[in-house]
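Each chain is listed here by its residues.
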Amino acid sequence: MAQPRLTIDLAAAAANWRALDALSGAAETGAAVKANGYGCGAVEIAGALSAAGCKTFFVATLEEGVALRAGLSDEAIYVLNGVADRLESAAAIANSLRPCLNHLGQIDAWRRSEGGPCALQLDSGMSRLGLPPAELQSVPGGMDVRLLMSHLSCADEADHHSNNSQRERFVTSTEEIADRAPNAQQSLAATGGTLLGSHYHFDLVRCGIGIYGGHPFVDAKPV
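What comes next concerns the included structure. (Residues numbered from 1 in each chain as written. Predicted model: local features only at pLDDT ≥ 70, side-chain atom pairs only at ≥ 80, totals over all residues. Heavy atoms only, no water.)

Here we look at the packing of aromatic side chains
Stated precisely, the cut-off is as follows: The rule is short: rings of Phe, Tyr and Trp, with Trp giving its six-membered ring, pair when the centres are within 6.5 Å, and they are stacked under 30 degrees, edge-to-face over 60, tilted in between. Helix and strand definitions follow DSSP, with helices as H or I runs of at least four residues and strands as E runs of at least two, each counted in order from the N terminus. Three exposure classes are used, based on accessible area relative to the maximum for each residue type with a 1.4 Å probe and protein chains only: buried under 20%, partly exposed in between, and exposed over 50%.
For the structure on display, the rule yields three aromatic pairs. Taking the centre distance of 4.4 Å and the plane angle of 20° together, the rings of Y38 and Y212 count as stacked. With Y38 in helix α2 (residues 34–38) and Y212 in the segment after β8 (204–207), this pair connects stretches of sequence that are 174 residues apart. Residue Y38 is classed as partly exposed on the basis of its relative accessible area of 29%. Here the aromatic rings of F58 and Y78 are separated by 5.2 Å at their centres, their planes lie at 15°, and the arrangement is stacked. Here F58 is found in strand β2 (residues 56–59), whereas its partner Y78 is found in strand β3 (residues 76–79), with 20 residues between them in sequence. The buried category is assigned to F58, whose relative accessible area is 1%. Judged by relative accessible area, Y78 falls into the buried class, the value being 1%.

Below you can see the structure in the form of structure tokens.
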């Protein structure tokens, strides 16, 4: 029986990351390698991007983070789905993973586990993951929050009205919680947001599909 073979151009992925990094200006350019690097091999893609200068990576699940840590040493790895309980918190701590805490229950689990660096995901209007504005006052202090992040729902449509309204909500939310996250970077843009311009870049952009040659990054090399 014939066996299919998928060939990945790691040099093209690195070139796409460099091109997006140039577009992000002063902001740091991180990379999303969730879903096994969008089907291209997370460890291999991350290794190529790390060699190109990428220092921050994003996965969806704890299991993805554990697998990626085996191939990376000092780079920051954020887990977008966060941690659900003490058992998952312990696994994240053991593998130096940074959970993106999405609701008060996850925050409580992380604090009870005496977890270290983490991110807080804020819901600026996408309504998929993140703390809604009404819960921000309930976020406790004393955590090592390294990142405040949110996600644009319509960044692929440059003129969509929700882009600016989400940006305004994100700014308002980060200002409200700034006293409990004084050392945190701020991040709103993925690939689409990076292409919207510096107004959306903040401290860190999280590029995903553009690294792999997908739209809306029309200048990307095929991977």
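There's more to say after this.
Some remarks on the sheet that holds strand β5 (residues 118–121)
Counted only if it meets this: What makes two strands pair is DSSP finding at least two bridges between them. Throughout, an axis means a line fitted to C-alpha atoms (over the contacting stretch in the case of helices), and angles, computed between N-to-C directions, take values from 0 to 180 degrees. By definition, residues are in contact when any of their heavy atoms lie within 4.5 Å.
Spatial ordering of the open sheet is given by β7-β6-β5-β4-β3-β2-β1-β8, a layout of eight strands whose pairing is parallel. Single-partner strands in this sheet number two, and they are β7 (185–187) and β8. When strand polarity is set aside, the average angle formed by the axes of neighbouring strands in this sheet is 25°. The strands touched by helix α6 (residues 104–112) within the sheet are β4 (98–101) and β5, with β4 carrying the most contacts at an inclination of about 145°.

So, the pairing of strand β6 (residues 145–149)
Burial analysis of β6 places four of its five residues in the buried class, the great majority of the element. Relative to β6, β5 runs parallel, the two being bridged by four bridges. Paired with L120 across the two strands is L148, which belongs to β6. Pairing between β6 and β7: three bridges, direction parallel. Of the residues in β7, the one forming a bridge with M149 is S187.

Digging into the layout of surface pockets
As a reminder, the rule being used: Method remark: on a 1 Å grid restricted to protein atoms, a set of points is classed as a cavity if a 1.4 Å probe fits but cannot get out and as a pocket if it is open with protein on both sides within 12 Å along at least five of seven lines; lining residues have an atom within 4 Å of a point. Grid points are joined across faces, edges and corners, and a volume is the space filled by probe spheres set on the points. Amino acids are sorted into nonpolar (Ala, Val, Leu, Ile, Met, Phe, Trp, Tyr, Cys and Pro), charged (Asp, Glu, Lys and Arg) and polar (every other residue, Gly among them).
Approximately 510 Å³ is the volume attributed to the largest pocket. Around the largest pocket, the lining comprises 34 residues; the ones closest to its centre are K34, R128, H151, A190 and R206. It is helix α8 (residues 191–196) that contributes the most residues to the lining of the largest pocket, three residues altogether. Partitioning the lining of the largest pocket into residue classes produces 17 nonpolar, 12 polar and five charged.

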